[in-house]
Structure formats: structure tokens, C-alpha cells
Amino acid sequence: MLFGFPPEIYLMQIVFGLALGAIYVLLASGLSIIFGLLDVINFAHGTFYMLGAYAVYVAVSLTGNFWIGLVCAVLIVALFGALTEWTLLKRLYKEEPFYPLLLTFGMAVAIPDAMKFIFGLIGKVVEYPSGLVGAIMAGPILLPKYRLFIIVLTAFVMILLWLFLKKSDLGMIIRAATRDSLMVQVLGVNVSRIWTVGFSIGVGLAALGGAVAAPMVSAVPDMGVEMTVECFVVVVIGGLGSLGGAILGGLIIGQVVSFVSLFAGDYSNVAIFFAMAVILLIRPRGLFGEAGRL
Amino acid sequence: MKKVLWLLVSAFALVTCFSTVTLAQTARFGEAIPLTGPYAAMAEDMKRGSMLALEEINAAGGVLGKPAEVLITDSQLKADVTIRRFKDMMDQGYKFIGGSLSGGISLVGNEFACKNKLLYMAFCHTSIPVGKEFCGYGFTSAVIPYQPASALANYAFKNFGKKWMSLTADYRWGHDNLAAWLVNSEKYGGEFLGNIYHPLGTRDFSAFIPQILAKKPDFLVVTNYGTDQASAIKQLAELGLTKKMKIVISKTHIITIKETGAAFDENVYGSSTFYWHLQDKYPEAKTFVKTFWDKYGSPPSQDGECAYTATKVVFSAMNKAGVVDDVDKVIETIVSNKWPSPKGPTEWRPCDHARLQSICILQGKGAKAKDWDVATLVAEVPYTETLESCENNKKDIPYGQVKLPGK
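Residues numbered from 1 in each chain as written. Chains lettered and ligands numbered in written order. Predicted model: local features only at pLDDT ≥ 70, side-chain atom pairs only at ≥ 80, totals over all residues.

### Remarks on the overall build of chain A
Phase 1: What chain A contains, in helices and strands, is eleven helices and two strands.
Phase 2: Along chain A, helices and strands appear, N-terminal first, in the series α-α-α-α-β-β-α-α-α-α-α-α-α.
Phase 3: For 294 residues, the compact-globule estimate of 2.2 N^0.38 gives 19 Å, and chain A sits close to it at 19 Å.
Phase 4: Dimensions of chain A along its principal axes, counting C-alpha atoms only, are 65 × 50 × 35 Å.
Phase 5: In chain A, buried positions account for 53% of the 294 residues. (Helix = DSSP H or I, 4+ residues; strand = E, 2+ residues; numbered from the N terminus. Rg over C-alpha atoms; globule rule 2.2 N^0.38 Å. Buried ≥ 20, exposed ≤ 12 C-beta atoms within 10 Å, placed from the backbone.)

Quick look at the structure:
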């Protein structure tokens, strides 16, 4: 026994922390891409997470298949994100920096209200996909199948994202645009379209986070509010605009919440802010900061 | 010019006086309920119950011959916003206020009412009738938090076993429930294995689950509400806990059961002061359920019933007392009469303004649930088995004497 718990409990907390951290990674990496590319602090990021949850609910209701629903949800919300960027955000890039921020803040208020009007206040149930209900026992350790799936899916998506950004032409252009969009424009690339693509990728990642969270928490209109705040904490810890930082920050916060929940559950929400404060004291620009941008 | 000015001032004064007199003769009830936030769906049900009551009161002639009015505002589930709303109402001449879906916030509302000599009717589980909280101006149309715990504890220790642990939302209502469970555990020979506090608004309960599994209780007491509860039950079911132990929820809600879906299965139990199946027992419930369902497309929940009964009683008491602005007279009228309610005649105890009502124990239906038929009513526990005496409530014993773990 260690501090009153057998060793297997700590191993289980690590697994649960990884699963929780995986959702933070999805959201935070999306937010980092948007900030890195557009210099826009997307206050509506949690809202797109919520839209992902509702989109998977609708898609699963229509198709009866969770996997089709998951893919559709991400694509639908990513397209919605692209539309939002093209029609609304794009007009504000030349304005004062806080204008896009205000717009996303307004979206964070208006869209949940619209969802309440469309779907009502009662949460929408998304069942776990069959085959991923329950847990695998590895000796005395309980490994929930759905949580393992989230961890594996996030790792897969992050590898895919890394390959896209590092190895593909479009990824190279996106990275170049985060460094110097004017130069990219001068070289004849339509930067405006790159921004739309980047924004929709960021939003798509948030939607994926919401879609995988939906079976665990049900889709409710206000589910993105606190997620936005927590996501910002992760991004700040990792370093604004840094994808690697977002991944590491998400994993760290997942473990912090998991282990604080074990010993002092009532402080599990506050703990992430404490962790942010400690990390920023040691490293004010975050773990990877400016140096580790996309 | 001076003449015109005088005419204008006189006209303004006349209109103001007339308005004040008119308003003073209008029966008004102001409510602050959390229409936004984690309990929004439940608050919407409260709003519906209150508006239905208002409709029925006005259809029957209003209060003292004039239509009554209800003002519903959003408290955002925040104490400071609630007080701001009540202050605005008081400034507009409201003397009767109510609402709340949080025990802690209801105590703040009660304190405001006590200080300003207003009648405050809480719609939620609250400790207003207990100890130093009670000042004579506060009421609850629900129950005191220890009551559902007492009702459930009796059932759980008799049917599920003796070993238990708890998962508790870390605020006043959660603490009150936990205290009641600890007292009842001692009474029924229970073995308490530990408690886990979680902050209000927790979505991911997975981190709490390994320690619950390690302790192997016969049943887990879950004391939270709204979306917290739906998330908790879904995740407990996901990880198989609902198959390894019974889950006993201090206060549940039909909306939460519906949101939880198949996870709220036959191993999950919860308490509620009202469930629409009571229509099979009480003719008044049958009428209430039908009217509410026809109007709003869903059956009333306990929150709907509490708001409905509270609104109806406040206005009915004004009618009976023959006043719309004499708080003391209306209070006296409420406590000295029985009032019709969906659960039959109901009354408030004069010594502490606790409503004398039963508590339902519900068992989940899991995958067998259909539409709003989401639970089975397994027991209705009368208040005589759960409500402490006036003396005990006044001294806040035994529940106020409990040392909570980790506090």
C-alpha cells in the first residue's frame, strides 16, 4: 500500500489521466494551430467542442453507426468552421487585434443559446459504440476500452497531423504562413485560403474532442464553457502557438487532474490553474513557447 | 411656463401614486431560478410549474379579484446574481420572493428575506428550517436535505448491504446529505468506507473510479445533480460499476435519468419528491400530470411540482388572508392551513416552515425505459419517517453535529 492505495490504483490513475489528457490534447492542439496561424485567440473553441458532441449525436441518430457518426461530425463542424472563418473572421484580420477575439467571444455566447433553442435544454444521449463498452482486466488493473480507444485515436491523429504539417506541401505552406504570412503571400500563395484551411483543422480537432467525449458526458449546450478555459490553460502551459507544447501540456494536465482527484477530489478543478502558475513561474513563455511553434 | 411645469409635475405625481397604489394591490411573486448553467433544464421545469400555477390562479379569478403576476429571473446558479435579482425585486415593491435550485444559494436568499422581512419560498432541498438558518420568513416547498438521505438509507441498508462509500458534490447541499448518510449509517449498522468530494461542474469522473473499485462497497452514494449526475452515472456504468455495486443517488431527476439513458439501469436508485407515476395513487397528481404534460409535452418533475405548489400556495394564502402585501399575515395563513397539492393536501409546519411531504424512491429501468417512463417507483416514504422534530431541527441535531470527513 502506498499512501493508502494499492499500486494498481496508481497505474489506473495514469491510464485515466492519459485518456483525460488526450481530450485536452485534441482541443489544445486545435487552439494552437489557430493561434499559431491566425494570431486569433479563439474564445469559441469550447463551442466547437460542443458542436462536435451534438454533431455526433445527430449523425449517429441518422446513421445508427458511431464510426460513421464520428467522421461525419468532425467533417461537418470543420466545414462550419471554414464557413465561419470565410464569412466572418476574415473581414476582421485587418482591424484591431481584439475584433476577432470579440467575434469569437460573441460566438461562444450565441451558438450555445442557438443550440438550446434547436435541441432544448435536456442533454442528448450518445451511447458508447458496441465493442468498446466495459473494460479489459490486465491483472488487477482495470483498463476501460473506450478510454484506451481515446488514447490510441489521439495518438493516431497527432501522428497524422505531424506528418501532414512536416511532410506535405500544404503542411509546409501552413508552417511557413505561421512564421511569415506576408512572405508566403509575396511568393504567390493564396494565404487567405491557407487561413481557412488552418482554422477548419483547428476547429475539426475541437469537434473530434467533443465527439469522443459525447458518450461519456452527453451533449449539452453549455458543455464547452469550462472546456474553453481548461483548453487555454493547457495552451498557455505548452506555449502559445506550439503544437508540441499543446500535446505535452494536455498530457500533464490530464495527470494533474487524475492524481489530485485521487487525494483531494474537491481541488481537482483548481489544480490545473495551480499547475499553470507553477509552470509559468519557472518558464514564463510556457514549456515550448515561441521557440517551439508549429 | 411655470404653469405648464406645475401641471407636468402634478400629472407625474398623480401617475406615480396611482401606479404605486395599483401595484400595491396586485399580487406579485418574484422568482430567481438558474435558467442558465448546469441545472438549466430543471429550472425550465420550475418555470413551467410556476407559470401553470399562475395560469390556474388567474383562471379562478386571480388574487382579490385582480390577476396575479409572477416575475421569473435568471439567477445563473450564482449567489451574488440571486441577491441582485431579489434586491431589484424588493426595490420594485415585491414582498414575496422564491426560487433556487441550490441549497446553498437558497440559504443566501433566505438570509436576504430575513434581513428585509420578505417571504422567501425555496423550491429546492434546503436547510432553511434547521438551526440558525430559520428566522420565520423562509419556507421550502421541497424537503430538508437530510430527509431523502434518511429515506434512502433505510432502504439501502436493508436491501443492499452494509458497506458503503460516497461521491459528493463539494458544496453545502452535498455536505448536508453526507452528514445525514453518516448518521443513518451509524443507526443501521453501516460500514463507511470513505468519501470523495468533487467540485460542482465536474464532467469527467473517471479519475475517481479506481479508488471506488479498490474499496469494493456494497453501494455507492452519489450526491450531485444535473449534468454532473448524468456524467457520473454514465461513466460509472461505462466502467462496469453499476454491475459490481448498487448506486444510490441522494436526489435524482427524471430529466437526468433520461439524459443518462441505458446507464441508469436496475442497479441505480434515487430519490425524488415527485414522480409522475404518483398519478396512480393521487387523483390530484393525475390532473396535475395531465395538465402539465398536455401543455408542455413532458411530465412534471419534482422541481416542476415544487414550483407549482409553492406559487399556488403563496397566491392562495394571499387570497385567504385578504392581503397582497402583508408578509406576516400571509405567513400566518400558510402555516395555519392545509393546501391542495399534486400529492394531496399539504401543509407547512409552523415551528420551522418545513413542508410535510413524502419522498419517492425510484429504481432505474435502463434499456427498458421508454419515453418518459424512465423509472419504477419502488417506495414512497412518509415524512414521519424522515423529518426530525421541531426541537431537533431547532437545535440542528443530530445532523448538525456530524464531523464531515476531510472538512
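More follows now that the structure is in view.
### Notes on the overall build of chain B
Phase 1: For chain B, the helix and strand inventory stands at 14 helices and 14 strands.
Phase 2: At 22 Å, chain B has a C-alpha radius of gyration in line with the 22 Å of a compact globule built from 407 residues.
Phase 3: With the C-alpha coordinates aligned to their principal axes, the bounding extent of chain B is approximately 85 × 45 × 40 Å.
Phase 4: Contacts in chain B between residues at least 24 apart in sequence constitute 68% of all its contacts with a sequence separation of at least 6. (Contact = placed C-beta atoms within 7 Å.)

### So, unusual backbone geometry
All names here are of chain B.
Phase 1: In the segment running from isoleucine 397 into proline 398, the intervening peptide bond is cis, with an omega of 0 degrees.
Phase 2: Positive phi, close to 55 degrees, is recorded for leucine 64, a residue that is not glycine.
Phase 3: Tracing the backbone shows leucine 64 in the loop between helix H2 (40-59) and strand S2 (69-74).
Phase 4: When the 16 C-beta atoms within 10 Å are taken as the criterion, leucine 64 is described as partly exposed.
Phase 5: In the Ramachandran plot, histidine 353 falls in the positive-phi region, its phi being about 60 degrees despite a non-glycine side chain.

### Thoughts on the confidence of the model for chain B
Phase 1: Within chain B, residue pLDDT values average 93, and 96% of them lie at 70 or more.
Phase 2: Taken over the whole predicted complex, pTM reads 0.85, whereas the ipTM for its chain interfaces reads 0.79. (pLDDT = per-residue confidence, 0-100.)

### Here we look at the sheet that holds strand S6 (residues 163-169) of chain B
Residue and element names in this part refer to chain B.
Phase 1: An order of S7-S6-S8-S9-S10-S13-S14 is seen for the seven strands of this open sheet, with the pairing classed as mixed. Only two strands of the sheet have a single partner each, and these edge strands are strand S7 (191-198) and strand S14 (375-381). Mean inter-strand twist for the sheet, computed between neighbouring axes without regard to direction, equals 20 degrees.
Phase 2: Pairing geometry for strand S8 (residues 219-223) and strand S9 (residues 246-249), over four bridges, is parallel. Pairing of phenylalanine 219 across the sheet is with lysine 246, part of S9.
Phase 3: The sheet strands contacting helix H6 (residues 172-187) are S6, S7 and S8, and the helix crosses S6 at an angle near 170 degrees.
Phase 4: Relative to the sheet, helix H8 (residues 226-238) contacts S6, S8, S9 and strand S10 (268-272), its axis offset from that of S9 by approximately 175 degrees. (Pairing = 2+ DSSP bridges. Axes fitted to C-alpha atoms, helices over the stretch in contact; angles between N-to-C directions.)

### Concerning the interface of chain B and chain A
Phase 1: The partner chain A presents 36 residues to the 32 residues of chain B that form the contact.
Phase 2: Elements supplying a minimum of two residues to the side of chain B that touches chain A: H2, S7, helix H7 (209-215), H8 and helix H10 (254-260) of chain B.
Phase 3: Ranked by the residues each element gives to the side of chain B that touches chain A, the list is headed by H8(B), at six residues.
Phase 4: Grouping the constituent residues of the side of chain B that touches chain A by class yields 14 nonpolar, ten polar and eight charged. (Nonpolar A, V, L, I, M, F, W, Y, C, P; charged D, E, K, R; others polar.)

### Focus: the domain arrangement of chain B
All names here are of chain B.
Phase 1: Domain parsing of chain B yields domain 1 (7-144 + 282-347) and domain 2 (146-273 + 358-386).
Phase 2: Here domain 1 and domain 2 have C-alpha centroids that lie 30 Å from each other.
Phase 3: Contact residues are listed per partner, giving 21 residues for domain 1 and 21 residues for domain 2.
Phase 4: For the side of domain 1 that touches domain 2, the secondary-structure elements that each account for two or more residues are H2, helix H4 (103-116) and helix H12 (302-321).
Phase 5: Considering every element that reaches the side of domain 1 that touches domain 2, the biggest residue donor is H12, with four residues.
Phase 6: When its residues are assigned to classes, the side of domain 1 that touches domain 2 shows ten nonpolar, eight polar and three charged. (Domains from an automatic or database assignment.)

### A few points about the environment of B:Ala307
Residue and element names in this part refer to chain B.
Phase 1: In this structure, alanine 307 sits in helix H12.
Phase 2: In sequence terms alanine 307 and lysine 117 are 190 residues apart; their C-alpha atoms lie 21 Å from each other.
Phase 3: Those residues in contact with alanine 307, other than ones at most four positions away along the chain, are Met46, Gly49, Ser50 and Phe123.

### Remarks on the nonpolar core
Phase 1: Ranked by internal contacts, the top residues of the largest apolar core, which has 219 residues, are A:Leu27, A:Ala53, A:Val56, A:Ala207, A:Ala211, A:Ile253 and B:Ile247.
Phase 2: With 20 residues, the top contributor of residues to this core is helix H1 (residues 7-38) of chain A.
Phase 3: When neighbours within four sequence positions are excluded, B:Ile247 is seen to be in contact with B:Phe219, B:Leu220, B:Val222, B:Ile233, B:Leu236, B:Thr242, B:Asn267 and B:Val268. (Core = buried A, V, L, I, M, F, W, Y, C linked by C-beta atoms within 7 Å.)

### What about the packing of helix H9 (residues 225-238) of chain A against helix H10 (residues 243-263) of chain A?
When two helices pack together, their arrangement is given by the angle between the helix axes and the distance between those axes.
Residues and elements named next belong to chain A.
Phase 1: It is at 7 Å that the axes of H9 and H10 come closest, and there the two elements cross at 120 degrees. Judged by the angle between their axes, H9 and H10 are oblique. You can see that H9 and H10 cross each other, and the crossing is right-handed. For the pair H9 and H10, contact is made by Val233, Val234, Val235, Ile237 and Gly238 and by Gly245, Ala246, Leu248, Gly249, Gly250, Ile252 and Ile253, respectively. (Parallel < 35°, antiparallel > 145°, perpendicular 65-115°, else oblique. Left-handed = near helix turned anticlockwise from the far one by under 90°.)

### Some thoughts on the sheet that holds S2(B)
Residue and element names in this part refer to chain B.
Phase 1: A sheet is described by the order of its strands in space; here five strands give the open sequence S2-S1-S3-S4-S5, paired in parallel fashion. Across the chains shown, the open sheet's two edge strands, defined by having one partner strand only, are S2 and strand S5 (138-140). The mean inter-strand angle of the sheet, taken between neighbouring strand axes irrespective of direction, is 20 degrees.
Phase 2: Pairing between strand S4 (residues 119-122) and S5: three bridges, direction parallel. Among the inter-strand pairings, tyrosine 120 is bridged to a residue of S5, identified as glycine 138.
Phase 3: Contacts between helix H3 (residues 79-91) and the sheet are confined to strand S1 (28-33), S2 and strand S3 (96-99), with S1 contributing the most and set at about 165 degrees to the helix.

### Observations regarding the pairing of S9(B)
Residues and elements named next belong to chain B.
Phase 1: Burial along S9 is two-sided: the face carrying Lys246 and Val248 and the face carrying Ile247 and Ile249 are both buried.
Phase 2: As paired strands, S9 and S10 are joined by three bridges and run parallel to one another. Following the sheet pairing, isoleucine 249 is matched in S10 by glycine 270.

### Description of the environment of B:Ile249
All names here are of chain B.
Phase 1: Tracing the backbone through its elements, the reader meets isoleucine 249 in strand S9.
Phase 2: For isoleucine 249, a count of 28 C-beta atoms within 10 Å gives the class buried.
Phase 3: Separated by 26 residues in the primary sequence, isoleucine 249 and threonine 223 have C-alpha atoms spaced 5.9 Å apart.
Phase 4: Apart from the residues lying within four places of it in its own chain, the contact partners of isoleucine 249 are Val222, Gln229, Val268, Tyr269 and Gly270.

### Structural notes on the environment of B:Val108
All names here are of chain B.
Phase 1: By secondary structure assignment, the location of valine 108 is in helix H4.
Phase 2: Given 18 C-beta atoms within 10 Å, valine 108 falls into the partly exposed group.
Phase 3: Distance in space between the C-alpha atoms of valine 108 and histidine 253 is 24 Å, their sequence separation being 145 residues.
Phase 4: Sequence-distant contacts of valine 108, defined by excluding residues within four places in its chain, comprise Ala79, Thr82 and Ile83.

### A few points about H6(B)
All names here are of chain B.
Phase 1: Between its terminal C-alpha atoms H6 stretches 23 Å, which fits the 22 Å expected from 16 residues at 1.5 Å a residue.
Phase 2: For H6, the tally of buried residues reaches twelve of 16 residues, placing the bulk of the element in the interior.
Phase 3: Among the residues of H6, Trp173, Gly174, His175, Asp176, Asn177, Leu178, Ala179, Ala180, Trp181, Leu182, Asn184 and Ser185 are the ones counted as buried.
Phase 4: The elements touched by buried residues of H6 are H4, helix H5 (146-159), S6, S7 and S8.
Phase 5: Just beyond H6, the residue with positive phi is glycine 189, at close to 75 degrees. (Expected span 1.5 Å × (residues − 1).)

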